[in-house]
Amino acid sequence: MLLSTLTPIAMTTPIPTRTQVVIVGAGPAGLLLGQLLARAGIDNVLLEQRSGEYVLGRIRAGVLEQVCIDLLDEAGVGERMHREGLVHHGIELAFGGARHRIDMSALTGGKTVMVYGQTEVTRDLMDARSAAAQPTVYEAADVAIHDFDSDRPRVSYTKDGVRHEIACDFIAGCDGFHGVCRASVPAERIQQHERVYPFGWLGILADVPPVADELIYSNHERGFALCSMRSKTRVRHYVQCSLDDKVEDWSDARFWDELRSRLDPAAAAALQTGPSIEKSIAPLRSFVAEPMRFGSLFLAGDAAHIVPPTGAKGLNLAAADVRYLSRAFIEFYADRSRAGIDDYSRKALRRVWKAERFSWYMTSLLHKFPSGAGDSGAVGHRMQTAELDWLVHSTAGMTALAENYVGLPFED
Ligand code: FAS
Ligand code: PHB
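Computed from a prediction, not measured in an experiment: that's the story for all the values here.

Chemist: For this particular structure, what's the right way to read helix α13 (residues 377-391)?
Modeler: Think of an α-helix as 3.6 residues a turn; residues three or four steps apart then line up on the same face. Between its terminal C-alpha atoms α13 stretches 21 Å, which fits the 21 Å expected from 15 residues at 1.5 Å a residue. Where α13 is concerned, the buried positions are G380, Q384, L388 and L391. Mapping the buried residues of α13 onto a view down its axis gives an arc of 75°, with all of them on the same face. Across from the buried face of α13, at angles greater than 90 degrees, the exposed residues are V379 and R382. On its buried side, α13 packs onto β5 (90-95), β6 (98-103), α12 (339-366) and α14 (395-406).

Chemist: What is the right way to read the site of ligand 2 from this model?
Modeler: Residues in close proximity to ligand 2 total 15 residues, the closest being Y217, S228, R230, Y238 and P309. Within the side chain of S228, a nitrogen or oxygen atom sits 2.6 Å from an oxygen atom of ligand 2. Within the contact set of ligand 2, an oxygen atom lies 2.7 Å away from a backbone nitrogen or oxygen of P309. A total of 280 Å² of accessible area belongs to ligand 2 in isolation, and the protein chains cover 97% of it. For the shell around ligand 2, the elements supplying multiple residues, two or more each, are β15 (225-229) and β16 (235-241). Considering only residue class, the shell around ligand 2 consists of nine nonpolar, three polar and three charged. Looking at which domains feed residues into the shell around ligand 2, each of domain 1 (21-193 + 285-362) and domain 2 (200-280 + 380-406) supplies at least three.

Chemist: What is the right way to look at the site of ligand 1 in this model?
Modeler: Near ligand 1, the surroundings consist of 29 residues, among which E48, R58, R60, Q118 and D302 are the closest. Between ligand 1 and Q49 there is a distance of 3.2 Å, counted from a nitrogen atom to a backbone nitrogen or oxygen. Within the side chain of R58, an N or O atom sits 2.5 Å from an oxygen atom of ligand 1. For ligand 1, whose free accessible area comes to 1,000 Å², the fraction covered by protein is 86%. The set of elements that each furnish at least two residues to the shell around ligand 1 consists of α2 (28-39) and α11 (314-335).

Chemist: What am I meant to see in the domain arrangement of the protein chain here?
Modeler: When the domains of the protein chain are assigned, the result is domain 1 (21-193 + 285-362) and domain 2 (200-280 + 380-406). The C-alpha-based centres of domain 1 and domain 2 are spaced at 26 Å. At the interface, 39 residues of domain 1 touch 37 residues of domain 2. Taken together, the two surfaces of domain 1 and domain 2 that pack against each other cover about 3,300 Å², and 68% of this comes from carbon and sulfur. Summed over the shared surface of domain 1 and domain 2, the result is two salt bridges. The interface formed by domain 1 and domain 2 includes 13 residue pairs in polar contact (both at pLDDT 80 or more).

What counts and what doesn't
- Residues numbered from 1 in each chain as written.
- Chains lettered and ligands numbered in written order.
- Predicted model: local features only at pLDDT ≥ 70, side-chain atom pairs only at ≥ 80, totals over all residues.
- Heavy atoms only, no water.
- Helix = DSSP H or I, 4+ residues; strand = E, 2+ residues; numbered from the N terminus.
- Expected span 1.5 Å × (residues − 1).
- Buried < 20%, exposed > 50% of the residue type's maximum accessible area, 1.4 Å probe, protein only.
- Arc of directions from axis to C-beta.
- Contact = heavy atoms within 4.5 Å.
- Near = heavy atom within 4 Å.
- Polar contact = N/O pair within 3.5 Å; in protein donor to acceptor, adjacent residues only side chain to side chain.
- Areas by Shrake-Rupley, 256 points an atom, 1.4 Å probe, with all protein chains shown as cover.
- Nonpolar A, V, L, I, M, F, W, Y, C, P; charged D, E, K, R; others polar.
- Domains from an automatic or database assignment.
- Buried area = accessible area lost by both parts, 1.4 Å probe.
- Salt bridge = Lys/Arg side-chain N within 4 Å of Asp/Glu carboxyl O.

And the structure:
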């Protein structure tokens, strides 16, 4: 179903003044939660501040852990992912002019990851929601949450100049790092942990063949680079850049030259260039809000935590939160049990912090730190290459990385 058919159905489905769960945010977390709840017969309304087209236009994650794959299958939207996604058994680390493959499947008893863009995940979920005529409001302005400390929470929003209000049992704050839900929690009730990295990622999307069959993470004295992909004909590449950089500072030619200079000779020779379809700079931070539950309000995904993308965990953590939260809501409505709801924050945060640690580890290992920050300067670079040299020649080292990259087992 083409995106263009989304809005009409979304607009024709009547929006109730009462529902069981109001979900704020139509990113992967909100859409996936809505789909899982709807399939379990739990009424939910989804409110998104932007248009569906705008949400789809944001180019973000590219690697799915098995948890994400399984949830999309459970949500009934995995068919195109399995048809078009690329199953990857390993990644490569490049440093000192050479590449070293980490055979993740062999080291984890056969586990793999799927290369399938977040845009496609979002599109599949949007289409499923639209096809099921689930109540969804795009371009919902001034969303506000009320009485979330009571068992009669409400959410209000403005659509086409008219103010609306929905009463509900629970509010799912899936509205990302800059959303309204976490911001509505009084400062004294929430603890926020943050580490901001002294660099960003400049990403490019281009319709050219990938450099290699698998992803290449490169530690180079000029800075980090990542060669990823969306398909056999579309690439997503990144170079570490300064936080002072603007996208307009980077012509396509400058990007390609810099990327080539940070790759090993074989990859540099194989690199194919072409015009950018999209180019953007993302800052890198580690962020966690604790707890993730406040009465009838539950935070999930980027609304509760941010990881630097070096570990490919952002989208997968959002999916993990949704796995816990959807099961908690389903248990509540099926058995009137609050066990899952009351344990949500603890369980989710236990996984979040492990992903935060791995993402920080990969970021610290692979990036060039300016002098005075982190593992900085010549000594820092040598410590990094010494660790990399040990890791790629150590089964224990590669196993540790592989176990985290493919996704740790769930605590159920
Ligand atoms: P999202 O931010 O995706 O979605 C939140 C939604 O809530 C948005 O649609 C927003 O419009 C909406 N919203 C916000 N405020 C609202 C309000 N007041 N009312 C209603 N709606 C509201 N992860 C990776 O694994 N790999 C990557 O390479 C990667 N690159 C990234 C690049 C960038 C620039 C960013 C910002 C993130 C990147 N991430 C990456 C992480 C990203 O994939 C997130 O983990 C993922 O989008 C999380 O999904 P959600 O939690 O749904 O949040
Ligand atoms: C991507 O393809 O966008 C991607 C892949 C792996 C990462 C980060 C981003 O670690």
